[in-house]
Amino acid sequence: MDIISSLGAVAITAFVVFIGCFIAVPTLLGICRFLGLYVVVEERQCLVYVLFGKIRLVLDEPGLHFPLATALGWRAFFVNAFGDVRTVDLRLDQEYLRSQPVNSEEGAPMGIGVWYEMWISDPVAFMFKNADPRGSLRANVGNATVRNLSNMKLSMMLEERHTMSTLVRNEVSDKSKDWGYSLGTVYVRKVHFRDANMIQQIEEKVVNRLRQVTSAIRQDGTNQVNLITSTAERQAAVEFAKAAAMRPFIVGSALNTIAQDKEVAEVMFEILENQRMLEGNVNVTLIPPDMRGDNLTQYLTVHQATDGSKPPETSSPSAPPPMPDAISS
């Protein structure tokens, strides 16, 4: 019985805690908020209390606030019932305007993309001075872009992004504050041509220019190679001419030195003659010393030198010439 009673007590306690934590406490806190006893303001958030058409209180500091202790006083009990508590987001916001139409000084139709940041600096002016402050700021930035960046030189549009961004920001900032907006960074993000035919023509010109530059570079390289080649050939020809001129001089000097010794010169010329005969691939007839004075041998040798290796054929041999001794006698 004691265990059952203990479990019952635990169950009842758990049920009471559940009811108190998840039902009673949130309900009580909701009633307190509805009566305006307290309010919690989030980071980068603002609460504007409006009662009977008038602004009674503005809370822009994050944390826990008690409206009864502020200028709102006893009116806090009636704000949620007869008035309105408006929440304004004070966080940084950004927007991008695409292709704002402008014309360059040369008459080229250009499109400019503007990126800008903004945040709400005056919640009251944001809610009551303009029905659409965000749209008005967008239109103001677009008009400032067209007004300040038109009739600029095309080269400046394509290069001076920081200068154009500063011009647009200075034009818009003062007017945006009247609507509760503060304009932050303004940046010209993209500049492009709006005419498709002009884009095609520019692409063709760029391609042609690239081809011309490529051809010029290739031609210059060819000219340089030809110049180097011709210079090398000229220098080589000069050196070969010097070498060709030095060869007879060297050979002549060597021969002059050799000719000073008669025996050496005769031996050298004999060797050269034999070498030329060997290189010439001619038939050489060797005659013994004791037969060199024979007329028949000389006759056969002459005909072999003129007609080849075979002696001339005759129908009948003629009588041999007389011997030298017989002639002399």
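Residues numbered from 1 in each chain as written. Predicted model: local features only at pLDDT ≥ 70, side-chain atom pairs only at ≥ 80, totals over all residues. Heavy atoms only, no water.

Asker: Let's hear about a nonpolar patch on the surface: which residues, and what values?
Answerer: Where nonpolar side chains cluster on the molecular surface, the patch consists of Ile31, Phe34, Leu35, Phe52, Leu68, Trp74, Phe77, Phe78 and Phe82 and spans about 950 Å² of accessible area. Secondary-structure elements contributing two or more residues to the nonpolar patch are α1 (2–34) and α2 (76–82). Looking at the nonpolar patch element by element, the count peaks at three residues for α2. Looking at the secondary structure, you find Phe82 in helix α2. (Patch = residues over 30% accessible without salt bridge, like charges linked within 9 Å, V, L, I, M, F, W, Y side chains within 5 Å. Areas by Shrake-Rupley, 256 points an atom, 1.4 Å probe, with all protein chains shown as cover. Salt bridge = Lys/Arg side-chain N within 4 Å of Asp/Glu carboxyl O. Helix = DSSP H or I, 4+ residues; strand = E, 2+ residues; numbered from the N terminus.)

Asker: Which residues make up the sheet that holds strand β7 (residues 109–120), and what values go with them?
Answerer: If you walk across this open sheet you meet the three strands as β6-β7-β8, and the pairing is antiparallel. At either margin of the open sheet sits one strand with a lone partner, and together these are β6 (93–103) and β8 (181–193). Recorded for the sheet is a direction-independent mean angle of 20° between the axes of neighbouring strands. With respect to the sheet, helix α4 (residues 133–149) is in contact with β6, β7 and β8, its orientation differing from that of β6 by roughly 35°. (Pairing = 2+ DSSP bridges. Axes fitted to C-alpha atoms, helices over the stretch in contact; angles between N-to-C directions. Contact = heavy atoms within 4.5 Å.)

Asker: Quick rundown of the pairing of β6? Include the residues and the values.
Answerer: Of the strand pairs in this sheet, β6 and β7 are connected by nine bridges, and their pairing is antiparallel. Bridge pairing links Gln94 to Glu117 in β7. Counting the residues that bridge the hairpin from β6 to β7 gives five residues, and of these Gly107 lies at a positive phi of roughly 90°.

Asker: Describe unusual backbone geometry, and please don't skip the residues or the numbers.
Answerer: A positive phi angle, close to 55°, is found at Arg44, a residue other than glycine. By the element assignment, Arg44 lies in the loop between β1 (39–41) and β2 (45–51). Here Arg44 falls in the partly exposed class, since its relative accessible area comes to 40%. Backbone geometry places Ser99, a non-glycine residue, at a positive phi of 50°. With respect to the helices and strands, Ser99 occurs in strand β6. (Buried < 20%, exposed > 50% of the residue type's maximum accessible area, 1.4 Å probe, protein only.)

Asker: Can you tell me about the side chain of Gln45, naming the residues and giving the values?
Answerer: Here Gln45 is to be found in strand β2. Polar side-chain contacts of Gln45 include one of 3.0 Å to the backbone nitrogen of Glu42. Those residues in contact with Gln45 that lie beyond four places of it in its chain are Val40, Leu59, Asp60, Thr87, Val88 and Leu90. (Polar contact = N/O pair within 3.5 Å; in protein donor to acceptor, adjacent residues only side chain to side chain.)

Asker: Talk me through the pattern of salt bridges; I want residue IDs and the actual numbers.
Answerer: All told, the structure shown has six salt bridges when counted by the stated rule. Arg86 is the salt-bridge partner of Asp84, the closest N and O atoms lying 3.2 Å from each other. Across the pair Arg134 and Glu95 runs a salt bridge whose closest N-O atoms are separated by 3.6 Å. Of this pair, Arg134 sits in helix α4 while Glu95 sits in strand β6, and the two are 39 residues apart along the sequence. When salt bridges with common partners are traced through the structure, they connect Asp93, Glu95, Arg134 and Arg138 into a single cluster.

Asker: Please provide a residue-by-residue account of the sheet that holds strand β5 (residues 84–89), values included.
Answerer: Judged by pairing direction, the sheet is antiparallel, and its three strands sit side by side in the order β3-β2-β5 without closing on themselves. At either margin of the open sheet sits one strand with a lone partner, and together these are β3 (54–59) and β5. Adjacent strand axes in the sheet meet at a mean angle of 25°, parallel and antiparallel pairs treated alike. Where β2 meets β3, five bridges bridge the pair, whose relative direction is antiparallel. Counterpart to Leu51 in the pairing with β3 is Lys54.

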